[in-house]
There are 2 protein chains.
Amino acid sequence: EAVPRSAIELRCQCVSTHSKFIHPKFIQNVNLTPSGPHCKNVEVIATLRDGREVCLEPTAPWVKLIIKAILDK
Amino acid sequence: EAVPRSAIELRCQCVSTHSKFIHPKFIQNVNLTPSGPHCKNVEVIATLRDGREVCLEPTAPWVKLIIKAILDK
């Protein structure tokens, strides 16, 4: 079993965040990494259905809504 | 760059969910996978600081709170 990438990364993975709304139907999964010694930022990385990974802004209302929608579905 | 595990898994990854509260300080990251053709369940997989992966119940109030805490921090 592969070690999750975040377990071996020791620094921030996002240099910028995607600002435009992404419809949940294009999202394959969302990874949330709390801030910690490796990175002072909370990082939210969405993997899209086409395989692309995009960093999302944890404080953006639409990002919180998408996460809530995934959990409530 | 490695393909995220969830992108290559074509079935549910959780057979059961951890029922006891896990303190956020033990959580390294949380992966949310919406339901879809590969799996009818929403799956929430936490990777703990010791490397273990545990499946969490998406509808459990404490799970929602932990996710909220990560985003709000």
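Refer to the preceding data block for the structure.
Attention here is on the structure that accompanies the text. (Residues numbered from 1 in each chain as written. Chains lettered and ligands numbered in written order. Predicted model: local features only at pLDDT ≥ 70, side-chain atom pairs only at ≥ 80, totals over all residues. Heavy atoms only, no water.)

1. What about the pairing of strand S3 (residues 53-56) of chain A?
All names here are of chain A.
Now for step 1: Relative to S3, strand S2 (residues 43-48) runs antiparallel, the two sharing 4 bridges. Bridged to Thr47 within S3 is Glu53.
Now for step 2: Here S2 hands over to S3 after 4 residues, with Gly51 in that stretch at a positive phi of 95°. (Pairing = 2+ DSSP bridges. Helix = DSSP H or I, 4+ residues; strand = E, 2+ residues; numbered from the N terminus.)

2. Thoughts on the pairing of strand S1 (residues 27-33) of chain B
Remark: a regular strand shows side chains that alternate across the two faces of the sheet.
Now for step 1: With respect to burial, S1 of chain B is a largely interior element, 7 of its 7 residues being buried.
Now for step 2: Relative to S1 of chain B, strand S1 (residues 27-33) of chain A runs antiparallel, the two sharing 3 bridges. Counted as the bridge partner of Val30 of chain A is Leu32 of chain B from S1 of chain B.
Now for step 3: Here S1 of chain B runs beside strand S2 (residues 43-48) of chain B; their pairing, made up of 6 bridges, is antiparallel. Paired with Ile27 of chain B across the bridge in S2 of chain B is Leu48 of chain B. (Buried < 20%, exposed > 50% of the residue type's maximum accessible area, 1.4 Å probe, protein only.)

3. Observations regarding the relation of the copies chain A and chain B
Now for step 1: By a simple turn and slide, chain A fits onto chain B: the slide is 0.0 Å along the axis, the RMSD is 0.0 Å, and the turn is 180°. What we have between these two chains is a two-fold relation. Looking at the rotation axis and the C-alpha trace of chain A, the residue lying nearest is Asn31 of chain A, at 2.2 Å.
Now for step 2: Looking at the interface residues of chain A, 100% of them are also at the interface in chain B, so both copies use one shared face. (Least-squares fit on C-alpha atoms with pLDDT ≥ 70 in both. Contact = heavy atoms within 4.5 Å.)

4. What to know about helix H2 (residues 61-72) of chain A
Think of an α-helix as 3.6 residues a turn; residues three or four steps apart then line up on the same face.
Now for step 1: Here H2 of chain A contains 12 residues, and its C-alpha end-to-end distance of 16 Å stays within 8% of the 16 Å for a straight helix at 1.5 Å per residue.
Now for step 2: Residues Trp62, Val63, Ile66, Ile67, Ile70 and Leu71 of chain A constitute the buried set of H2 of chain A.
Now for step 3: Check the buried side of H2 of chain A and you find it contacts S1, S2 and S3 of chain A together with S1, S2 and helix H2 (61-72) of chain B. (Expected span 1.5 Å × (residues − 1).)

5. Description of the sheet that holds S1 of chain B
Now for step 1: The 6 strands lie next to each other as S3(A)-S2(A)-S1(A)-S1(B)-S2(B)-S3(B), forming an open sheet whose pairing is antiparallel. The sheet terminates laterally at S3 of chain A together with strand S3 (53-56) of chain B, the two strands that pair on one side only. In this sheet, neighbouring strand axes are inclined to one another by 25° on average, regardless of whether the strands run parallel or antiparallel. (Axes fitted to C-alpha atoms, helices over the stretch in contact; angles between N-to-C directions.)

6. Regarding the interface of chain A and chain B
Now for step 1: With 25 residues of chain A at the contact, the number on the chain B side is 25 residues.
Now for step 2: Between chain A and chain B lies a buried interface of about 2,400 Å² when both sides are counted; carbon and sulfur atoms form 55% of it.
Now for step 3: Taken together, the connections running from chain A to chain B amount to 2 salt bridges.
Now for step 4: Between Lys64 of chain B and Asp72 of chain A there is a salt bridge, and its shortest N-O distance comes to 2.6 Å.
Now for step 5: One can count 6 residue pairs in polar contact (both at pLDDT 80 or more) joining chain A with chain B.
Now for step 6: Listed by contribution, the elements that provide at least two residues to the side of chain A that touches chain B are helix H1 (5-8), S1, S2 and H2 of chain A.
Now for step 7: Here the side of chain A that touches chain B takes 7 residues from S1 of chain A, the largest share from any one element.
Now for step 8: Here the side of chain A that touches chain B is composed, by residue class, of 12 nonpolar, 7 polar and 6 charged. (Buried area = accessible area lost by both parts, 1.4 Å probe. Salt bridge = Lys/Arg side-chain N within 4 Å of Asp/Glu carboxyl O. Polar contact = N/O pair within 3.5 Å; in protein donor to acceptor, adjacent residues only side chain to side chain. Nonpolar A, V, L, I, M, F, W, Y, C, P; charged D, E, K, R; others polar.)

Limitation: the analysis is restricted to geometry and does not speak to function.
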